[in-house]
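Descriptive structure summary
Residues per chain, in single letters:
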Amino acid sequence: MGSSQSTASSPVAKCQPESPPMNGNDPSRDGAAQPVSRFDAPPTMVRQQSFDEKLFEKFTKQPLVPIGCLATAYFLVSGMRSFKNREPRRAQKMMRARVGAQFATLVAFVGYMGVGSFNLEVAPRYQRYRE
């Protein structure tokens, strides 16, 4: 009833297991050193920072940015309360202060970015070459 198929006539080719990566310590290579594979050494493990650690690190490196965000949020909430209480002069002052706080926060953020990439060395390659 059933047809029997031989494995020799199967169209699927059998894969040969790969040989281990060759390095310079193989005695069968007659001293011909091969480059060391990246799989010879275990990968370096880097511990992931938690959210709290990242937040603390950012606050310590750039303290003016979160302060500016808090000031912006304060002026926004205060201005919205003034709109609700129908105090148009105070609401207008709070909204103007919010725009100022946003501007100051943006300036602080861009300033921190610029300070990180600012370099006062004159011709750094030349200075290292002279030493």
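Refer to the preceding data block for the structure.
Notes on the structure follow. None of the values given here were measured: they were computed from a predicted structure.

In terms of regular secondary structure, the protein chain is built from four helices and zero strands. Scanning the protein chain from its N terminus toward the C terminus, one meets helices and strands in the order α-α-α-α. When the 131 residues of the protein chain are sorted by exposure, 11% land in the buried category. Contacts spanning at least 24 positions in sequence make up 38% of the contacts within the protein chain whose residues lie at least 6 apart. As displayed, the protein chain has an accessible area near 12,400 Å², and 60% of this comes from carbon and sulfur atoms.

So, on to unusual backbone geometry. Phi is positive for Arg86, which is not a glycine, with a value near 60 degrees. Here Arg86 lies in the loop between α2 (64-84) and α3 (88-117).

Turning our attention to α2. Taking 1.5 Å per residue as the helical rise, α2 with its 21 residues ought to reach 30 Å, and the 30 Å between its terminal C-alpha atoms agrees with that figure. Among the residues making up α2, those that are buried are Val65, Pro66, Gly68, Thr72, Ser78, Gly79 and Ser82. Where α2 is buried, its residues touch α1 (51-61) and α3. Positive backbone phi, approximately 60 degrees, marks Arg86, located one or two places after α2.

What counts and what doesn't
- Residues numbered from 1 in each chain as written.
- Predicted model: local features only at pLDDT ≥ 70, side-chain atom pairs only at ≥ 80, totals over all residues.
- Heavy atoms only, no water.
- Helix = DSSP H or I, 4+ residues; strand = E, 2+ residues; numbered from the N terminus.
- Buried < 20%, exposed > 50% of the residue type's maximum accessible area, 1.4 Å probe, protein only.
- Contact = heavy atoms within 4.5 Å.
- Areas by Shrake-Rupley, 256 points an atom, 1.4 Å probe, with all protein chains shown as cover.
- Expected span 1.5 Å × (residues − 1).

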